[in-house]
Amino acid sequence: MNGLFRFFLAISSTSLFIVIFLIKSKCYIFESNFYFYLDNFFKINNIEQYSLVGFISIPLLFLAISMKLLEKLSKDRIKEGEIIEIENSTNNFLPSYLGYFFVALSISDNDFLTMSIIYFIIVLFVFYSQTNYFNPFLLILGYKFYKIKTKGGLSLLLISKKEFKKSDEVIIEKVYRINNSTYIDTQKSEV
């Protein structure tokens, strides 16, 4: 189940690459004879621009599937005094993620073969390097990314909606284990 979760999370976190490419290439969901019939039937001008909203639903769908699969992952807890150091690392992921956008923008318009090959390679790298946990949609949903260090000397990545400023604040009764060094807390902050 862990592999399936990681696969959907990798697709979700990288699929904005495809969205950026499609928008740049001026590809629209309703760009066809179907669009012509819809436009005549509904008398809506520029319906093809509204299809861009449909592109954003693709990463959101994969994220929703990932979050549903989250419940199948093993559960753990972070006890009081277990964490000795915490650092907010949300901003550390952003530069590498923006690199996907620049690659998508550099591919020639409507070169779907090149886009597909590059996207496949990116998904493989993200899946196997285990950096797929950074997902910009998680940021929009209020999650933060923390690098934490345990008493035992382990460095872990914690994804949580809670705001932590000091290490002694990190006490979580139910946290899902994505792998041995990454955990996600889905409980909302008590604020």
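Now for a quick tour of the structure.

**Things to note about the pairing of strand β6 (residues 182-185)**
Here comes step 1: Burial along β6 is two-sided: T182 and I184 facing one way and Y183 and D185 facing the other are all buried.
Here comes step 2: Relative to β6, strand β4 (residues 155-160) runs parallel, the two being bridged by four bridges. When the sheet's bridge partners are listed, I159 is paired in β6 with I184.
Here comes step 3: Pairing of strand β5 (residues 172-179) with β6, which is carried by three bridges, proceeds in the antiparallel orientation. For R177, the partnering residue across the bridge sits in β6 and is Y183.
Here comes step 4: Hairpin connection of β5 to β6: two residues between the antiparallel strands.

**Here we look at the environment of E87**
Here comes step 1: Residue position: E87 is located in strand β2 (residues 83-88).
Here comes step 2: Judged by relative accessible area, which is 37%, E87 ranks as partly exposed.
Here comes step 3: A sequence separation of 71 residues divides E87 from L158, and the C-alpha atoms of the two residues are 10.0 Å apart.
Here comes step 4: Every residue in contact with E87, bar those within four places of it in the chain, is listed here: N92, F145, Y146 and K147.

**Points about the side chain of S25**
Here comes step 1: Tracing the sequence through the fold places S25 in the loop between α2 (16-24) and α3 (33-42).
Here comes step 2: Taking the relative accessible area as the measure of exposure, S25 reaches 5% and is therefore buried.
Here comes step 3: A distance of 3.1 Å separates a polar atom in the side chain of S25 from the backbone nitrogen of N110.
Here comes step 4: Each residue touching S25, except ones within four places of it in the same chain, is listed here: D109 and N110.

**Examining unusual backbone geometry**
Here comes step 1: Of note in this structure, N110 is not a glycine but carries a positive phi near 60 degrees.
Here comes step 2: Tracing the backbone through its elements, the reader meets N110 in the loop between α5 (90-106) and α6 (112-129).
Here comes step 3: A relative accessible area of 43% places N110 in the partly exposed class.

**Some remarks on the packing of aromatic side chains**
Here comes step 1: Tallying each qualifying case throughout the model produces six aromatic pairs.
Here comes step 2: For the pair Y146 and F164, a centre-to-centre distance of 5.4 Å together with 70 degrees between the ring planes defines the contact as edge-to-face. Of this pair, Y146 sits in strand β3 (residues 144-150) while F164 sits in the loop between β4 and β5, placing them 18 residues apart in sequence.
Here comes step 3: With relative accessibility at 1%, the residue Y146 sits in the buried group.
Here comes step 4: Directly above the aromatic system of F127 lies the positively charged group of R6, at a separation of 4.4 Å from the ring centroid.

**What about the sheet that holds β4?**
Here comes step 1: Within the open sheet, the six strands sit side by side as β1-β5-β6-β4-β3-β2. Their pairing is mixed. A single partner strand is all that each edge strand has here, and the edge strands are β1 (75-78) and β2. Pairwise comparison of adjacent strand axes, ignoring direction, gives a mean angle of 35 degrees for this sheet.
Here comes step 2: On the sheet, α5 packs against β2, β3 and β4 and is oriented at approximately 120 degrees with respect to β3.

Rules behind the numbers
Residues numbered from 1 in each chain as written. Predicted model: local features only at pLDDT ≥ 70, side-chain atom pairs only at ≥ 80, totals over all residues. Heavy atoms only, no water. Buried < 20%, exposed > 50% of the residue type's maximum accessible area, 1.4 Å probe, protein only. Helix = DSSP H or I, 4+ residues; strand = E, 2+ residues; numbered from the N terminus. Pairing = 2+ DSSP bridges. Contact = heavy atoms within 4.5 Å. Polar contact = N/O pair within 3.5 Å; in protein donor to acceptor, adjacent residues only side chain to side chain. Phe/Tyr/Trp six-rings, centres within 6.5 Å; stacked < 30°, edge-to-face > 60°. Lys NZ or Arg CZ within 6 Å of the ring centre and 35° of its normal. Axes fitted to C-alpha atoms, helices over the stretch in contact; angles between N-to-C directions.

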